[in-house]
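# Descriptive analysis of the structure
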Amino acid sequence: MGDLEALKRGEAQVIDTRSLPQGPEVDGLLASGVHYYMVMPMIARGALVGALSFGGPEKSFPDEKVSIAREVAMQVAIAISQAR
């Protein structure tokens, strides 16, 4: 998922799938065309409760998609926090 401490600070991470240790998960991502993905932290009440990720063949992530992912991550984090 990237740098856990950075995720705890609310910083999104961009991961190069090919840099990850080999395994069936990485093989599946690459076979699906996910060469890069962004991990968006889900933070509620100041705590990291999970992460949302999305990706594709390119390293660039349009601002609009990042903004949508950030909003979805925030809403899911709130829902998880309330469910607990």
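First things first, this report covers the structure right here in the doc. (Residues numbered from 1 in each chain as written. Predicted model: local features only at pLDDT ≥ 70, side-chain atom pairs only at ≥ 80, totals over all residues. Heavy atoms only, no water.)

Turning next to the packing of aromatic side chains. Per the stated rule, a full pass over the model turns up one aromatic pair. Arranged with centres 5.5 Å apart and planes meeting at 85°, the rings of Phe54 and Phe61 form a pair that is edge-to-face. Classification of Phe61 by relative accessible area gives buried; the value is 14%. (Phe/Tyr/Trp six-rings, centres within 6.5 Å; stacked < 30°, edge-to-face > 60°. Buried < 20%, exposed > 50% of the residue type's maximum accessible area, 1.4 Å probe, protein only.)

Turning next to helix H3 (residues 63-83). The first and last C-alpha atoms of H3 sit 30 Å apart over 21 residues, in line with the 30 Å expected at 1.5 Å per residue. If you check which residues of H3 are buried, you get Val66, Ala69, Ala73, Ala77 and Ser81. Down the axis of H3, the smallest arc covering the buried residues is 100°, so these residues share one side. Exposed and oriented more than 90 degrees from the buried face of H3 are Glu64, Gln82 and Ala83. Looking at the buried side of H3, the elements it contacts are strand E2 (36-44) and strand E3 (47-56). (Helix = DSSP H or I, 4+ residues; strand = E, 2+ residues; numbered from the N terminus. Expected span 1.5 Å × (residues − 1). Arc of directions from axis to C-beta. Contact = heavy atoms within 4.5 Å.)

Tyr36, Met38, Met40, Met42, Ala44, Val49, Phe61, Val66, Ala69, Ala73 and Ala77 form the largest nonpolar core, which has eleven residues in total. Elements supplying a minimum of two residues to this core: E2 and H3. Those residues in contact with Met42, other than ones at most four positions away along the chain, are Ala47, Leu48, Val49, Gly50, Ala51, Leu52, Ala73, Val76, Ala77 and Ile80. Ranked by size, the runner-up nonpolar core spans five residues in total, among them Leu7, Ile15, Val34 and Tyr37. (Core = buried A, V, L, I, M, F, W, Y, C linked by side-chain atoms within 4.5 Å.)

Of all nine residues in E2, eight are buried, a share of seventy percent or more. Pairing of strand E1 (residues 13-16) with E2, which is carried by four bridges, proceeds in the antiparallel orientation. Bridge pairing in E2 links Gln13 to Val39. In this structure, the hairpin formed by E2 and E3 is closed by a connection of two residues, where Arg45 is found at a positive phi of approximately 55°. (Pairing = 2+ DSSP bridges.)

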